[in-house]
Amino acid sequence: MKVSYHGHSVVKVETHGKTILFDPHISDNGNTDLNAEDVQADVILLTHGHNDHVGDTFSIANRCEAQIIAPFELASYLGSKGLNAHPMYIGGSKQFDFGEVKFTQAFHGSSYTEEDGTIIYTGMPTGILLTIDGKTIFHAGDTGLFTDMKMIGERNDIDLAFLPIGDNFTMGPDDALTAAEWLNAKQVVPIHYNTFDLINQDGEAFASKVKPGKGKALQPGDTIEV
C-alpha cells in the first residue's frame, strides 16, 4: 500500500487499484504538488466540513465519479448537491470494497462556507481510521489533544498516523508529541502546517522528537510504503 502526503492535510492512499484521498484541499493550497484538474480518486474521505478540507471534493467527485465518505451532516449536504456521499459518524465502522473505515472523535469545529458566504453546519469533526489488509492508517483530522487518544492507541495497532501540528487552530507540536506517544503508531507524519503564516511550523524538528525515531516529515509528493 502506497501512502503519499500532498501538503496541508491531503493524504493519498493507493492500493488494489484504488485511489483514496483524504481531505483534498488542492486548488487554494500553495503547499501542494497536485493539480486538482488531474488528480484521480475512487474514494474521498472527509474528516470535517471546513473549506480547507472539503477543498476540491465537488470537482474531483464529479469528474471521477468518486464515492465520498463523510460525517452524516456533511454527507447529507454533499448528497443534496448530487454527489455520491455515504454518511457515517463517530464510533461507527463499515467494511467497503477497498477496506474498513471507522470514524473517531476530534475536537474542532465543522462548517462549510458557500461562495455567497452562507455557512452550512456540517456536524461533528472527526478523525478516520482506515484499515486495509491488516494495516491501519489514522488521519486525526483537525483536533486538539484529548485523552481518548490513549484509547485509540490501545485498541488499534496503528501503522501510520497523520497528526496536525500547526497550532492556533489545532494541536501544536508539543501536544502532537503527546498524541504520538498515546497513539503508539509505528510511524508518525505531521500535517496541517506551513499552508499559511498562522500555522507555520518546523515539521522536521517535530519528527525528530517523536520517540523512538518514529517521526517522519514528508514533503508534498513524498511517499511511504505501508
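Residues numbered from 1 in each chain as written. Predicted model: local features only at pLDDT ≥ 70, side-chain atom pairs only at ≥ 80, totals over all residues. Heavy atoms only, no water.

**Regarding the overall build of the protein**
And then number 1: Regarding its fold elements, the protein presents six helices and 15 strands.
And then number 2: Taken against the 2.2 N^0.38 rule, which gives 17 Å for 226 residues, the C-alpha radius of gyration of the protein at 16 Å falls within 12% of a compact globule.
And then number 3: Based on the C-alpha atoms only, the size of the protein along its principal axes is roughly 45 × 40 × 30 Å.
And then number 4: Burial status across the protein gives 51% buried among its 226 residues.
And then number 5: Taking as baseline every contact in the protein between residues at least 6 positions apart, the subset at least 24 positions apart corresponds to 59%.
And then number 6: Put simply, the protein shows about 9600 Å² of open surface, and 44% of that area lies on carbon and sulfur atoms.
And then number 7: Taken together, the 15 basic and 31 acidic charged side chains of the protein have centroids lying 9 Å from each other. (Helix = DSSP H or I, 4+ residues; strand = E, 2+ residues; numbered from the N terminus. Rg over C-alpha atoms; globule rule 2.2 N^0.38 Å. Buried < 20%, exposed > 50% of the residue type's maximum accessible area, 1.4 Å probe, protein only. Contact = heavy atoms within 4.5 Å. Areas by Shrake-Rupley, 256 points an atom, 1.4 Å probe, with all protein chains shown as cover. Lys, Arg positive; Asp, Glu negative; His and termini not counted. Charge placed at Lys NZ, Arg CZ, Asp CG, Glu CD.)

**Some thoughts on the side chain of histidine 139**
And then number 1: Considering the arrangement of structural elements, one finds histidine 139 in strand S12 (residues 135-139).
And then number 2: By relative accessible area, histidine 139 is classed as buried at 0%.
And then number 3: Dropping the residues within four chain positions of it, histidine 139 is found in contact with Ser9, Val11, Phe22, Asp23, Thr47, Gly127, Ile128, Phe162 and Ile191.

**As for the pattern of salt bridges**
And then number 1: Summed over all chains, the structure comprises five salt bridges.
And then number 2: A salt bridge links lysine 186 to aspartate 157; its shortest N-O distance comes to 2.6 Å. Here lysine 186 is found in the loop between helix H5 (173-183) and strand S14 (187-191), whereas its partner aspartate 157 is found in the loop between helix H4 (149-155) and strand S13 (160-164), with 29 residues between them in sequence.
And then number 3: We classify lysine 186 as partly exposed; its relative accessible area is 41%.
And then number 4: Among the residues examined, aspartate 157 registers a relative accessible area of 54% and is labelled exposed.
And then number 5: Several salt bridges converge on common partners, so that one network encompasses Asp157, Asp159 and Lys186. (Salt bridge = Lys/Arg side-chain N within 4 Å of Asp/Glu carboxyl O.)

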